[in-house]
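Residues per chain are reported as follows:
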Amino acid sequence: MLSLSLTGLKLKNPLMLAAGIMGTTGGSLKRMAEGGAGAVVTKSIGVGPKSGHSNPSMVEVDCGYLNAMGLPNPSYKNFQGEIDMAKEGRVPVIASIFGAGADEFSEIAGSLRADAFELNVSCPHACGYGAQVGSDPNLVEEITKAVKSATNTPVWVKLTPNVTDIKSIGLAAQRGGADAVVAINTVRAMAIDIESGYPILGNKFGGLSGRAIKPVAIKCVYDLYETLDIPVIGVGGISDWKDAVEFIMAGAKAVQIGSAVGNNINIFNDISSCMQAFLKEKQWTMKDIYGMAHKK
Ligand code: RRO
């Protein structure tokens, strides 16, 4: 009932583990697959090992989490074994990758084996990476084109909401040959400790995830669905099945769940059974609700 084909991949349901949570080891990715995820996305992986920003690198705020992890990762050269182990979960494994430019992105995509690549051009607090490249449509197009020629694997481009016009960046990814876009990465944000007067995060500012950003993400997905011909994958603040349905109605072909996994490790199974019950009660199919909010 919930199965779909997405950029050539077969998914048993449209609910994926988002990049950045439970995605650093093959064991945790496999655990998420066994908990009902239709696909899993790794933590973003770069060319060289990186220890990330100094602590505190993550803090809970009123309506979500603030993080500035700083792309900690072991390098793609030490990561194939984790992807291979994650594959034991028997769902597609998507490698999130980042680089400073087209050469680094294509080096990784040409070497790592995964079911798809998600290009991180959207981390809000990484100097020379992420949103610093992903805010420039020309760079996004160039990077996407380079990765497409380095691999036959589907290429998804994860977009930042921290731009004036996300549609122009989505169009750049599409021109570069992207098979899908993923919207959105975290929203640039900050918290200050009033006892000391200092910013809480080691990096001073970071990215907000969780419930607070859902309406921002819904609007981005809605706009991208109207603008692009390629599928949009929705992510940002999904906490329950109603949120997932809302994203699909906004125009997401599939969704990713990140922060909410921290509160409920079985969230994928929970959401898929509630979604099925909802569709049955309404006598709707997934096709009926896909982009429903756009129908006059
Ligand atoms: O590692 C991080 O600090 C991080 C990444 Br790569 C990202 O894409 N988004 C985010 O909020 N944090």
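Residues numbered from 1 in each chain as written. Predicted model: local features only at pLDDT ≥ 70, side-chain atom pairs only at ≥ 80, totals over all residues. Heavy atoms only, no water.

Draft legend 1. Geometry of the packing of helix α7 (residues 214-227) against helix α8 (residues 241-250). Where α7 meets α8, the closest approach of the two axes is 8 Å, and the angle between their N-to-C directions is 25 degrees. Relative to α8, α7 is oriented roughly parallel. Here K214, A217, I218, V221, Y222 and Y225 of α7 lie close against α8, whose contacting residues are D243, E246, F247 and A250. In terms of residue class, the contact of α7 with α8 is made up of seven nonpolar, no polar and three charged. (Axes fitted to C-alpha atoms, helices over the stretch in contact; angles between N-to-C directions. Helix = DSSP H or I, 4+ residues; strand = E, 2+ residues; numbered from the N terminus. Parallel < 35°, antiparallel > 145°, perpendicular 65-115°, else oblique. Contact = heavy atoms within 4.5 Å. Nonpolar A, V, L, I, M, F, W, Y, C, P; charged D, E, K, R; others polar.)

Draft legend 2. Broad picture of the site of the ligand. The environment of the ligand is formed by 14 residues, the closest being K43, G70, N120, H125 and T186. Within the side chain of N120, an N or O atom sits 2.8 Å from an oxygen atom of the ligand. Applying the majority rule of atoms within 2 Å of the grid points places the ligand in the largest pocket. Grouping the constituent residues of the shell around the ligand by class yields six nonpolar, seven polar and one charged. (Near = heavy atom within 4 Å. Polar contact = N/O pair within 3.5 Å; in protein donor to acceptor, adjacent residues only side chain to side chain. 1 Å grid on protein atoms, 1.4 Å probe; cavity = no way out; pocket = protein on both sides within 12 Å on 5 of 7 lines; lining within 4 Å. Sits in = over half its atoms within 2 Å of the grid points.)

Draft legend 3. Quick peek at the nonpolar core. In this structure, V40, I97, L119, F268 and M275 are the most contacted members of the largest nonpolar core, which totals 78 residues. The contact partners of I97, leaving out residues within four places of it in the chain, are I45, F105, I108, A109, L112, F117, E118, L119 and N120. Counting residues in hydrophobic clusters, the runner-up holds 17 residues, among them L6, L9, A18 and A180. (Core = buried A, V, L, I, M, F, W, Y, C linked by side-chain atoms within 4.5 Å. Buried < 20%, exposed > 50% of the residue type's maximum accessible area, 1.4 Å probe, protein only.)

Draft legend 4. Here's a closer look at the layout of surface pockets. Considering only enclosed or pocket space, the largest pocket measures out at about 900 Å³ in volume. Those elements giving two or more residues to the lining of the largest pocket turn out to be β5 (58-61), β6 (64-67), β8 (116-120) and β16 (252-257). Partitioned by chemical class, the residues of the lining of the largest pocket number 20 nonpolar, 22 polar and six charged. Looking at the second largest pocket, its volume works out to about 190 Å³. What lines the second largest pocket is simply M1, L2, S3, L4, S5, P14, I248, A252, K253, M286, K287 and Y290. Going through the elements one at a time, β1 (4-6), β16 and α10 (286-289) are the ones with two or more residues in the lining of the second largest pocket. Its residues assigned to classes, the lining of the second largest pocket comprises eight nonpolar, two polar and two charged. (Points joined across faces, edges and corners; volume = space filled by probe spheres on them.)

Draft legend 5. Representation of the sheet that holds β6. Here we have four strands laid out as an open sheet, ordered β5-β6-β14-β11, and antiparallel in their pairing. Of all strands in the sheet, those with a lone pairing partner are β5 and β11 (187-190), marking the two edges. Across the sheet, the axes of successive neighbouring strands diverge by a mean angle of 40 degrees, strand direction being ignored. Alignment of β6 against strand β14 (residues 205-209), held across three bridges, turns out to be antiparallel. Of the residues in β14, the one forming a bridge with Y65 is S209. (Pairing = 2+ DSSP bridges.)

Draft legend 6. Quick look at a negative patch on the surface. A cluster of like negative charges, contributed by D103, E107, D136 and E142, occupies part of the molecular surface. Counting through the fold element by element, E107 comes out in helix α3 (residues 102-111). With relative accessibility at 32%, the residue E107 sits in the partly exposed group. (Patch = residues over 30% accessible without salt bridge, like charges linked within 9 Å, V, L, I, M, F, W, Y side chains within 5 Å. Areas by Shrake-Rupley, 256 points an atom, 1.4 Å probe, with all protein chains shown as cover. Salt bridge = Lys/Arg side-chain N within 4 Å of Asp/Glu carboxyl O. Lys, Arg positive; Asp, Glu negative; His and termini not counted. Charge placed at Lys NZ, Arg CZ, Asp CG, Glu CD.)

Draft legend 7. Highlighting the sheet that holds β16. With parallel pairing, the eight strands of this closed barrel are ordered in space as β3-β4-β7-β8-β9-β10-β15-β16. Direction aside, neighbouring strands of the sheet carry axes that sit 25 degrees apart on average. Across the sheet, helix α6 (residues 166-175) lies against β9 (155-159) and β10 (180-183), angled at about 165 degrees from β9, the strand it touches most. Against the sheet, helix α9 (residues 267-282) touches β3 (15-17) and β16, its axis set at about 170 degrees to β3.

Draft legend 8. Representation of the pairing of β16 within the structure. Of all six residues in β16, five are buried, a share of seventy percent or more. In the sheet, β3 pairs with β16 via three bridges, with the strands oriented parallel. Bridge pairing in β16 places M16 opposite Q256. Of the strand pairs in this sheet, strand β15 (residues 232-235) and β16 are connected by four bridges, and their pairing is parallel. Within β16, the position partnered with V235 by the bridge is Q256. Following the chain from β15 across α8 to the adjacent parallel β16, one finds a crossover that is right-handed. (Right-handed = clockwise from strand over helix to strand, strands pointing away.)

Draft legend 9. Broad picture of the environment of G101. Topologically, G101 is positioned in the loop between β7 (93-97) and α3. Judged by its relative accessible area of 18%, G101 falls in the buried class. As a C-alpha pair, G101 and R31 span 70 residues in sequence and 33 Å in three-dimensional space.

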